[in-house]
Amino acid sequence: MSPKFSRRTFLKVSGAATAAVTVAASMPEKFLSWAEESGQKEMKQIPTFCELCFWNCGLIAKVENNKVVKIDGNPKSLRGRGRLCGRGNAALGALYDPDRLKYPMINTGKRGEPVWKRATWDEALGVIAQKMKSVSEKYGPDSMALIYHGTGASFWKHLLHAYGSTLSAAPSFAQCRGPRDIGFVLTFGSDVGSPEYYDFSKSKYIVLFGSHLGENAHNSQVQDIVKGYSSGAKMTVVDPRLSNIASKADRWLPIKPATDLALMLAWIRLIIEEGLYDKEYVAKYATGFDELRAAVQQYTPEWAEAETSISSDVIVKVAREMGEYAPNVCVGAGRYSTWYGDDTQRSRAIAILNALLGTWGREGGYFFPTGAKVPEYPGLPAYPEHVEAAQLDEAYPFALLQTTTSIKQATITGQPRPVKAWFVYGSNLMKTMPDKQETIKAIQNLDLMVTIDTMPMDIINYSDVVLPECTYMERYDNINVGKFKGEAEIALRQPTVEPLWESKPSWWITKELGNKLGLAAFFPWKDGEEYIAKRCEAAELDFAQLKRDGVIIKKGGNPYITADSQPEFGTPSGKIELYSQQLAEKGFDPVPKYTRHPTPPAGHFRLLFGRAPLHTFSRTTNNFMLTDLQKDNSLWINAKKGKELGLKNGDYVSLVNQNGVIANGRIKVKLTQRLRDDAVYMNHGFGVHAKGMSRANGQGIADDDLIGKPAIDPIMGGTAMRGNFVKIVKGA
Amino acid sequence: MDQFDGKDIMEIMQEDLLRALKKPRKERRWAMAIDLKKCIGCHACTTGCMSENLTPPEIHYRPVKEEEIGEYPNTGMRFLPRPCFHCDSPTCTPVCPVTATYKRDDGLVVIDYKKCIGCRYCIVACPYGARSADSGHYFTGDFHDKTYEVENSGEYGGNFKRKSHWHSPIGNARKCHFCIHRVEKGELTRCTTTCLGNATFFGDINDPKALITKLISKPNVFRYKEELGTKPMVYYIT
Amino acid sequence: MKLFGVLIPEKEQLIGTVGDVIKGKAGLSLYASIFGLLIGLYAIGSIFIRGHAHTINTSSLVPWGLQISTYVYFALLSTGCTFVNFFGHVFFEKQYKPFASRIVFVGIITAVAAFFSLTTEMGHLERMYYFLLSPNPKSPMFWMAIWYTCYLIIITWEYVNIQTNRHSNRVMWAAFFIAVFTHSTLGSLLGSVSSRVYYYSALMPIYFLFIAFLTGCSLTTIIAAMTVKQKKLDENYHLHPFVTLLKVGLGLALLITFWRMMIGLSAHLEGSEVFSLTLINSVLFGIVVVIVIPYILLKIGQSANWLIFVGLFIMGTQLKARNDLVVGAFKIPVFRVYDMPEVIHYTPSIYENLVVVASASLVAMLYIVFERSGVFEARNIKEEH
Ligand SMILES: Nc1nc2c(c(=O)[nH]1)N[C@H]1C(S)=C(S)[C@@H](COP(=O)(O)OP(=O)(O)OC[C@H]3O[C@@H](n4cnc5c(=O)[nH]c(N)nc54)[C@H](O)[C@@H]3O)O[C@H]1N2
Ligand SMILES: Nc1nc2c(c(=O)[nH]1)N[C@H]1C(S)=C(S)[C@@H](COP(=O)(O)OP(=O)(O)OC[C@H]3O[C@@H](n4cnc5c(=O)[nH]c(N)nc54)[C@H](O)[C@@H]3O)O[C@H]1N2
Ligand code: SF4
Ligand code: SF4
Ligand code: SF4
Ligand code: SF4
Ligand code: SF4
Ligand SMILES: [Mo]
């Protein structure tokens, strides 16, 4: 399929560009007696992009009377291709939520037991500026940290950087993608991107570990994998639970949780020993093959069967199938990967499998993306000279991005240097971080805690000042560049309606705060529009076109290895490192090694969690369109096991973890055939406890309540979130 | 399969649609096909439809049913999206005392929002649960007049604003109408264009050349509760 | 035709009754029913002014609730009155005579009360004229509306005939048959819904007739017993027919309820699990409490007071049985998705309950006012030409 062609078609299909619809002549006779008075005016159509998750699909708002009345997908967007997922279609539920944060608020009570005072912007920003000055004087600007998730964060990074702090971290690293990215960087010298460079639509064979696509509703990726398997790709999904995508697979391998590495190592061994690997490719691009081969000898299929509970027959068959379809195979790297504490090594094993099968840079495997450069706003003053007192992530040598883990530790202990102020942008830390007690402890140690959010989430209760940002439908944000196969996308977020109440966009808030801090020179733009217009100018992009179309597409190079498009590997050796010298040097296993994880004690289940197709973490838990379909989570239990325990569908239970921590609230039981009997499963994000969230408050149970002190991946500082065991307490 | 005979299916359907619109209405027969293999249970169609038709709380024209098949570890899943089936032999229309709901000459089962007395008999009579009663709830409570909830959804090409319970469609029966307000402007239904699995097909089955006609003429097609004799115009491909 | 004294009370009498009410001498039951009607009207007003969303607990899953079952209930009461009037005249002429005008009168007002309740469940009552402009002869509901109108006319005619001492057998027979048609149509309205196994049954029209007969018997027994007491008539002689009819009614109800349940239980259609789901409820409330206990009660005594009690007992339990019947069909959703419970529960709102109060109070109030105003006293009134 030529993607250009289909996008143009789509334009007509979704009615995004009415001009393209040429059926006026054939407009049908009116079909209902009263339809004559038809009130269907052509509404104003404003493209922007979605922020209900970080795929950032293009959408088109249809506006009338300064209200967004409808939305549609933007056919030109590479992330959505005219389609929006179940959450993205609920934009109006986010925009028009009456529970939104409406004005700045100052906490006159304690953190955790807030007493709110409504403040003007001037007052709230004044308080913050004053506190920042005093913290900076006492501890240096580097004692101020930004913890963020979301597109608007770039303005905050800019502000703090201008003020002298470079300390910022997103939970989407140490609580999410970190291990995967590092595992791949260590092996291939680059990560798999976001959106990932999976060439699913062309695959002949797909293997997934977890990666519950369909429930994980990352738009174009879901489209691609459906396209892949419905065009004949065979699929094997390894998951203790029959995920949506597992139900589409040729093989579902209900693995014993926490044993994936055993299965991968067995596959590596089989692929090597049976000569199924891409010999030419490995010889040409990889190093450390012999060491790898030697290191995996112990991992026989029989051994793996004992560890994983997957029959050795199936293990052998899948290995042979992978070999048969190589190199048009994609062994998915996953995305959320902070599972059990040895996650970088597990991701390494996935990377190695791909390397052996020669999928990197091959059709149906991993493509080489096309990027685009958009220069910074021209003429900004240089950031202040920055000498960092001490590296926060020293303990984790391969934490290539700052971890939230270390920021939290430094905040509590003051070591290796104090952290005294947090700016939390678009991250509901109370639910996002493991070990709530520690998070609270850290926050109590702060001199200043500021939250920039749209909703009165759990996190605001621990803040000194709460700043209401307007939603993504009401603001300009920074330009968003996405890398895709043969194309790059430059996407614009622009306001579709005026901000409601007194909420403001980040470009405005940071500019005002910057002025108060004497940083006006860093914020020369008149407004968000001018900021972007200037950046477009610098990048020689047509801003008018961007505003009209929402995205500008740049064509790029070859996505696959060919004679004249040879891959480059950013590893020290310049090759794919099957054996990692880097790891060895820092005292880690140069080839992944299997160590057994603890199993649930009697009467306990392992606590697994994942995504609901209709929700994004806690951010959508109050979205009325989505709560109308799913308002809480349920506790999945193997039906047979559940019956043994005397549980019925719809019973309410509570959960207590291995440390005796009882989750706040109750959860309803869902007996299912889709899950092993040694684990329970729930959707993450629910169990919000924040009074202002009228729909979400107290609905379901939070997995995050039950995640105790996590094991930490020693390589990169990721927190192991699935190492928890829970007991079911009946009659909640 | 995103392509049929080497051509993008969205484009084929678009062309089929425009071709159908050139015919007199009574020669068209709108139908939908949903490929259950491709349906990945993402529920995008459900919320896409909600936002297209500005439906109020608890009214979903196109929910997706999730059914478990078999026993662990031999478990399967079926995701079954359910619009209104626009039955050729509907059970909902004969019961309407005032013919507010009826089958049009193109087979579309419609509700005349200006005639419906809200007796809800049709809701009771539909064997698929495809109809809902709009009793006048709003998502946004007192704030509703400031939001999209009182704006015109354009359903049936009309002008209906849910301003109070005297204003249709409040008080009426409601259901999926195959997005006829889009279709007759030359746009495919919203559930078709937002479907992440590319699993929803739409078109005129009176047109032998239409993609949908080709799809439903295969043996791997069934209709839901066909034994009821309702002859749904929504075909499931397995 | 003379209005005062025939269709409604004589002017003076009516003024007297109203005066009594104002003076506080009208008796507890009249005050109670006026009060009931007032709060009921308040509820109905609220339903129309505030809209269903804020007042009524029905939904897409339970599209018909207490108001429809109240409608059914009162409609059946009305039919029952017509039946009793018919059988009374035909089989027990002398014993029955003193009650005739009262019973037919109640037949009219219960039919009106039924309609009262029905209107509150309509989404757009103001569009009812489409029944005429855009009729659908395929719809049982359309036919029900037609028959219902005919029914009201004919029983009013019958009433006028009784009141004017010109009872016509032809009108009486016609009333009987139109009642049969009207209320079997009501039965068919549910019985023809093939998508709801709980309703779907050819037995339904007959079921409605039999149940109508039983509930009608219980209401008319109460009226008769009160009249007997008030007028100091011979209890044994005058109430005997009612006991007989009641027993027949109970027998018929048992028969039809039993078979409906049995056939339902053996059905293997989607949704037929409702029958097993509601089995205990059906046996306990649908048979034991509603039929067997009243039968035993009838065996225990037959004094006027006791019969009033038995009558009230049956009427009360039948109201529940009607609600169970109407709402039972929605227990199992035809298409269960998202957070829909496996079994749907519906509890009527306070407003819905007050609609029942309104309907019952309307009947009680009109009856008491008419009774006090002496409308039902046998008179020789000739039509003035
Ligand atoms: N609808 C929706 N989509 C989303 C998001 C959302 O919030 N909502 N969030 C997005 C984000 S940020 C991320 S990071 C991704 C996360 O989505 P993924 O990267 O797909 O997350 P995973 O943890 O790989 O997948 C969860 C699955 O892992 C299985 N699992 C649990 N333990 C094990 C195990 O030990 N071994 C194996 N093989 N499987 C296991 C669970 O049963 C579950 O089916 O989703 C993204 N997409
Ligand atoms: N226990 C547990 N912990 C997890 C996970 C898990 O599955 N289980 N998943 C992990 C993963 S994969 C990730 S990526 C992270 C995600 O972690 P977060 O991104 O922190 O997740 P959310 O809970 O969605 O919090 C989002 C916050 O942003 C706010 N918000 C939404 N839109 C805007 C906006 O436009 N502007 C501003 N300023 N704020 C906005 C929301 O109101 C909410 O408070 O969580 C990680 N932590
Ligand atoms: S995947 Fe869905 S929620 Fe995420 S950006 Fe795209 S449409 Fe929005
Ligand atoms: S699915 Fe139901 S509402 Fe739709 S046409 Fe068929 S019977 Fe009527
Ligand atoms: S609710 Fe409306 S469309 Fe349905 S049967 Fe009654 S009048 Fe007809
Ligand atoms: S055709 Fe339109 S109305 Fe029907 S389900 Fe699809 S989106 Fe909804
Ligand atoms: S949008 Fe498409 S793939 Fe998703 S649930 Fe609906 S039909 Fe299935
Ligand atoms: Mo994530």
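Note that the structure is predicted; figures quoted are calculated from it, not measured. (Residues numbered from 1 in each chain as written. Chains lettered and ligands numbered in written order. Predicted model: local features only at pLDDT ≥ 70, side-chain atom pairs only at ≥ 80, totals over all residues. Heavy atoms only, no water.)

### Concerning the overall build of chain A
Okay, step 1: Helix and strand counts for chain A come out as 21 helices and 26 strands.
Okay, step 2: The C-alpha atoms of chain A give a radius of gyration of 26 Å, which matches the 27 Å a tight globule of 732 residues would have.
Okay, step 3: Each of the 732 residues in chain A was classed as buried or not, and the buried ones make up 66%.
Okay, step 4: At a minimum sequence separation of 6, the contacts of chain A that also span at least 24 residues come to 75%.
Okay, step 5: With an accessible surface of roughly 24500 Å², chain A has 50% of that area assigned to carbon and sulfur atoms.
Okay, step 6: Charged side chains of chain A number 89 positive and 79 negative; the gap between the two group centres comes to 3 Å. (Helix = DSSP H or I, 4+ residues; strand = E, 2+ residues; numbered from the N terminus. Rg over C-alpha atoms; globule rule 2.2 N^0.38 Å. Buried < 20%, exposed > 50% of the residue type's maximum accessible area, 1.4 Å probe, protein only. Contact = heavy atoms within 4.5 Å. Areas by Shrake-Rupley, 256 points an atom, 1.4 Å probe, with all protein chains shown as cover. Lys, Arg positive; Asp, Glu negative; His and termini not counted. Charge placed at Lys NZ, Arg CZ, Asp CG, Glu CD.)

### Focus on unusual backbone geometry
Okay, step 1: Note the cis peptide between Ala326 of chain A and Pro327 of chain A, where omega equals 5°.
Okay, step 2: When you line up the elements, Pro327 of chain A lands in the loop between helix H11 (312-325) and strand E12 (329-331).
Okay, step 3: In this structure, Pro73 of chain B follows Tyr72 of chain B across a cis peptide bond, with omega equal to 0°.
Okay, step 4: With respect to the helices and strands, the residue Pro73 of chain B is situated in the loop between strand E4 (64-69) and strand E5 (76-81).
Okay, step 5: Of note in the backbone geometry, Lys231 of chain B takes a positive phi value of approximately 50° without being a glycine.
Okay, step 6: Residue placement: Lys231 of chain B occurs in the loop between strand E11 (221-222) and strand E12 (234-237).
Okay, step 7: Among the residues examined, Lys231 of chain B registers a relative accessible area of 41% and is labelled partly exposed.
Okay, step 8: Positive phi outside glycine occurs at Tyr338 of chain C, with the angle close to 50°.

### Brief notes about the site of ligand 6
Residue and element names in this part refer to chain B.
Okay, step 1: Looking at ligand 6, there are 13 residues lining it, with Cys49, Cys176, Phe178, Cys179 and Cys191 nearest.
Okay, step 2: Looking at the shell around ligand 6, the elements with two or more residues in it are helix H2 (44-53) and helix H5 (190-194).
Okay, step 3: Residues that form the shell around ligand 6 fall into these classes: 8 nonpolar, 3 polar and 2 charged. (Near = heavy atom within 4 Å. Nonpolar A, V, L, I, M, F, W, Y, C, P; charged D, E, K, R; others polar.)

### Observations regarding the interface of chain B and chain C
Okay, step 1: Each partner contributes to the interface: chain B provides 47 residues, whereas chain C provides 44 residues.
Okay, step 2: When chain B packs against chain C, the two sides together hide about 3500 Å² of surface, and 57% of this comes from carbon and sulfur.
Okay, step 3: Among the residues chain B hides against chain C, the three largest losses belong to Arg120, Tyr121 and Val124 of chain B. Together they make up 20% of the total.
Okay, step 4: At the boundary of chain B and chain C, one finds 1 salt bridge.
Okay, step 5: In this structure, Arg120 of chain B engages Glu121 of chain C in a salt bridge whose closest nitrogen and oxygen atoms are separated by 3.7 Å.
Okay, step 6: Across the chain B-chain C interface, the total number found is 35 residue pairs in polar contact (both at pLDDT 80 or more).
Okay, step 7: Listing elements by their share of the side of chain B that touches chain C, those giving two or more residues are E4, helix H3 (121-125) and strand E8 (132-133) of chain B.
Okay, step 8: In terms of residue count, H3 of chain B provides more of the side of chain B that touches chain C than any other element does, 4 residues in total. (Buried area = accessible area lost by both parts, 1.4 Å probe. Salt bridge = Lys/Arg side-chain N within 4 Å of Asp/Glu carboxyl O. Polar contact = N/O pair within 3.5 Å; in protein donor to acceptor, adjacent residues only side chain to side chain.)

### Some points on the packing of helix H11 (residues 235-266) of chain C against helix H14 (residues 304-328) of chain C
Residue and element names in this part refer to chain C.
Okay, step 1: Where H11 contacts H14, the axes come no closer than 12 Å and their chain directions differ by 25°. With respect to each other, H11 and H14 are oriented roughly parallel. Considering the relative orientation of H11 and H14, their crossing is left-handed. Where H11 abuts H14, its residues Glu235, Leu239, Val243, Leu246, Leu250 and Arg260 lie against Ala304, Leu307, Ile314 and Leu325.
Okay, step 2: Class assignment for the residues of the contact of H11 with H14 results in 8 nonpolar, no polar and 2 charged. (Axes fitted to C-alpha atoms, helices over the stretch in contact; angles between N-to-C directions. Parallel < 35°, antiparallel > 145°, perpendicular 65-115°, else oblique. Left-handed = near helix turned anticlockwise from the far one by under 90°.)

### Thoughts on the confidence of the model for chain A
Okay, step 1: This prediction gives chain A a mean pLDDT of 93; 94% of its residues lie at or above 70.
Okay, step 2: Here residues 1-39 of chain A is modelled with pLDDT under 50, and outside its nearest four sequence neighbours on either side it reaches 95 contacts, counting other chains as well. (pLDDT = per-residue confidence, 0-100.)

### Considering the sheet that holds strand E2 (residues 58-64) of chain A
Residue and element names in this part refer to chain A.
Okay, step 1: In space, the 3 strands of this open sheet follow the order E1-E2-E3, with antiparallel pairing throughout. Each of the sheet's edge strands pairs with one partner strand only, and the pair in question is strand E1 (44-49) and strand E3 (67-73). Going across the sheet, the axis of each strand differs from the next one's by a mean of 30°, ignoring polarity.
Okay, step 2: Here 6 bridges tie E2 to E3, and the two strands are oriented antiparallel to one another. In the sheet register, Lys62 faces E3, and the bridge partner there is Lys70. (Pairing = 2+ DSSP bridges.)

### Focus on the side chain of Thr79 of chain C
Residues and elements named next belong to chain C.
Okay, step 1: Relative to the elements of secondary structure, Thr79 occurs in helix H4 (residues 66-91).
Okay, step 2: The class for Thr79 is buried, based on a relative accessible area of 0%.
Okay, step 3: If sequence neighbours within four positions are ignored, Thr79 has contacts with Tyr151, Ala179, His183 and Ala212.

### A short note on the pairing of strand E21 (residues 605-610) of chain A
All names here are of chain A.
Okay, step 1: In terms of burial, E21 is a largely internal element, 6 of the 6 residues being buried.
Okay, step 2: The pairing of E21 with strand E26 (residues 725-730) spans 2 bridges and is antiparallel. Directly across from Phe605, in E26, lies its bridge partner Val726.
Okay, step 3: Examined bridge by bridge, E21 and strand E25 (residues 679-683) share 5 bridges and lie parallel to one another. Paired with Phe609 across the strands is Met682, a residue of E25.

### Some points on the site of ligand 5
Okay, step 1: Cys96, Pro97, Val98, Thr101, Cys116, Ile117, Gly118, Cys119, Arg120, Cys122 and Ala173 of chain B make up every residue found near ligand 5.
Okay, step 2: Along the lines of polarity and charge, the residues of the shell around ligand 5 split into 8 nonpolar, 2 polar and 1 charged.

### Thoughts on the interface of chain B and chain A
Okay, step 1: Opposite the 83 residues of chain B that make contact, chain A presents 79 residues.
Okay, step 2: Around 6600 Å² of area is buried between chain B and chain A when both sides are counted, 57% of it from carbon and sulfur atoms.
Okay, step 3: Area buried by chain B at its contact with chain A is led by Ile40, Tyr72 and Leu196 of chain B, which between them contribute 12% of it.
Okay, step 4: The interface formed by chain B and chain A holds 4 salt bridges in total.
Okay, step 5: A salt bridge links Lys67 of chain A to Glu151 of chain B; the shortest N-O distance between them is 2.7 Å.
Okay, step 6: Taken together, the links from chain B to chain A amount to 30 residue pairs in polar contact (both at pLDDT 80 or more).
Okay, step 7: Elements supplying a minimum of two residues to the side of chain B that touches chain A: helix H1 (9-21), H2, E4, E5, strand E7 (109-111), helix H4 (180-183) and H5 of chain B.
Okay, step 8: Sorting elements by how many residues they give to the side of chain B that touches chain A places H2 of chain B first, with 7 residues.
Okay, step 9: Considered class by class, the residues forming the side of chain B that touches chain A number 32 nonpolar, 27 polar and 24 charged.

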